[in-house]
Amino acid sequence: MAELPKSILIVDDDKDLRSILGDILGQEGYRILLADSGEKAIERLAKEPVNLVLTDLKMPGMGGHKLFEDCSSRWPHLPVVILTAHGTVDEALTMIRQGAYDYIAKPYNTQDLLMRISRALEREQLMVENLRLREQLVGKEKEYAFGKEPAMTQVMDRVNAVAATDFPVVLMGESGTGKEVVARVVHQRSTRASAAFVPVNCGAIPRELFESELFGHVRGAFTGATSDRKGLFEEASSGTLFLDEISEIAPEHQVKLLRVLQEGEVKRVGDNLQRKVDVRLIAATNRDLPLMVKEGKFREDLYYRVCVMPIVVPPLRERKGDILPLALHFLERERAQTGSKVTGFSRGAMDKLLGHAWPGNIRELENKVKQSLILAPGELIEEGDLLLEDGPPRDAPGPPSSAVSRVSPEEGDRPDPHSLTEARRRFERDYLIGVLKRNRGNATMAAREAGKHRSEFYYLLKKHGISPSEFRDDPS
C-alpha cells in the first residue's frame, strides 16, 4: 500500500499568501489544507488528521498564539510552525520555549521554508513512531523479543534493575539479537518514558557529518548549512538517546562525545554557545569493546563513562525455546497487515526452524517468516517454503569481534555479475546516485525524495560507498 502524503494545514487571513504557500508545498507532494482563521483551523483539525500546522502569528479573532495553545492541549504531538514578521520574532521565540516546533520569518526563503517543514515533519513522524512502539511494547516485551528462556530472563532482570536509574547502559551482542528493542524497553520503564526515544546508527553517519548530526549546527557553519539545526542530543533532551554501533565512532568524535557526557552541554558546529542537554544514554555494539580499548581503538575513559551497566543480549541459537513463539508472533503480525490466509507452520517447518543456526538472529527469523508467508500456497507454511541457508554457526556468546568481521569482494568470493542479488545491488546503487544528482548532493532532500529516514538513507550510502559531497556541484 502506497504511503499517504503528509498533510499540512496553512492558517493565514491573507488569501494570497495562503495560495502561494499552498502552491509551493503542494508541488513538493504534500496534501494542503487551508484555513483563514484560528477558529476554522480548530474546526478542520477536529474533523481530520493533520501532520503539521503552519500558521501566521497575527490574525483577527484567534491569533497564532492562541491556536498554538489549543493545539498543544488537544493534539500535543502535532508540530506547529509559526510564520512571523520582524516585529513579532520575540513572541515567536516565546512560543518555541512553550513547545512550538519552529518559526519562519517573513519574507521567507523558499529553500529555508522547505527545509524547516521537512524537519518538522520528520519530528512528527518520530513522535508517532514512539507512540506506536510504546503501545506495542506495553505488556508485550516477552511476546515480541524476550521469550521465557533463562538467558533472556537474566537480561530482563538487569533491565528492571537499571531502568529506574539514569545510568548509561551498553547493550552487547551479535547483530539482529534485538538490542534496540531492549533499549526501548529500558526507556519505557524509566522515568523518561513520556519523552522522546531517539535512535541513531553511528555507523550510518558519514564521518564529516557526525558532529552536525549529533550536536547540530548554525547557519553558515559549512556549505549547505542554510539554517540553524538542532542535533540529536537536543532532540532527545529529557528523553533517551540510543547510539547503535557506538564502536564505529571515529577517535576524534569519541573525544567530543565524552565531553558532552561529562559536561551535559553541546555546542553546535559553528557556534560558541553551550546548550544544556538532559539525556539518558543507551548504546549498543556487536563488537568487543574491552578488546577495542586494549587495542587503542576505543577510548578507555569513554568506555567507563558509557558502560556503567553492560547487558549482553544472547544470540537466538542460545534461546531455542524462543524460536517457535517468535516465529508465530511474526506470522500473526504479518497476517494482520497483509490479510494472508496462512495460519501456522507444519511439523516439518517447525523442525526446520529449530534446526537452523540463525546466524542473523531475530532479524533473520523475521525476514524468513515474511518470505515463507509469500511462498506458502496453503494454510500452513511447509518445510519447502522456508528458504534457509546455514552459514557457519557462531560458537562464542556475547559480542566477540571475530563474529562480526566483514569480508570484502577482494578477500572472498566476488559476486556473480549475472545473479539477481547483484542486479538488485546495482539497481539500488544507481538509484541512490540518481536521487543525489537530482538534489545536488543534499542528502536530506534526497532522503525525502527516496521516502527514507535520514539515518537509513545514510546507511544505504555507506553500504554502497557513496559520498553526497561528490554530487554537490553536479549540474545534471
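Up top is the structure.
Worth saying up front: this structure is predicted, and the values here are computed from it rather than measured.

Describing the sheet that holds strand E13 (residues 280-285)
- Judged by pairing direction, the sheet is parallel, and its five strands sit side by side in the order E7-E10-E13-E6-E14 without closing on themselves. Looking at which strands have only one partner, the edges of the open sheet turn out to be strand E7 (197-201) and strand E14 (309-312). Recorded for the sheet is a direction-independent mean angle of 20 degrees between the axes of neighbouring strands.
- Taken together, the four bridges between strand E10 (residues 240-244) and E13 define a ladder with parallel strand orientation. Along E13, the bridge assignment pairs Phe-242 with Ile-282.
- Against the sheet, helix H7 (residues 150-163) makes contact with strand E6 (169-172), E13 and E14, and its axis sits at roughly 155 degrees relative to E14, the strand it touches most.

What to know about the sheet that holds strand E1 (residues 7-11)
- Spatially, E2-E1-E3-E4-E5 is the arrangement adopted by the five strands of the open sheet, whose pairing is parallel. The open sheet terminates on both sides in strands that have one partner only, identified here as strand E2 (31-35) and strand E5 (102-105). On average, each strand axis in the sheet is tilted by 20 degrees relative to the strand beside it, whichever way the strands run.
- Taken together, the four bridges between E1 and strand E3 (residues 52-56) define a ladder with parallel strand orientation. Each residue of the ladder has a partner; that of Ile-8, found in E3, is Leu-52.
- Its contacts with the sheet place helix H2 (residues 38-47) against E1, E2 and E3, and it is angled at close to 160 degrees to E1.
- Across the sheet, helix H4 (residues 89-98) lies against strand E4 (80-84) and E5, angled at about 165 degrees from E5, the strand it touches most.

Procedures and definitions
Residue indices follow the written sequence of each chain, beginning from 1 at its first position. With the structure being a predicted model, the display of local features is reserved for residues of pLDDT at least 70 and the display and counting of side-chain atom pairs for 80 or more, all residues being used for whole-chain, interface and lining totals. Note that water and hydrogens are dropped before the side-chain values are worked out from all heavy atoms of the structure. Paired strands, as defined in this entry, are two strands with at least two bridges between them according to DSSP. Runs of E in the DSSP output that reach at least two residues are strands. Runs of H or I that reach at least four are helices, and both are numbered from the N terminus. Axes, fitted as lines to C-alpha atoms, cover a helix only where it is in contact. Angles between the N-to-C directions of the axes lie from 0 to 180 degrees. Residue contacts are counted whenever heavy atoms from the two residues lie within 4.5 Å of one another.

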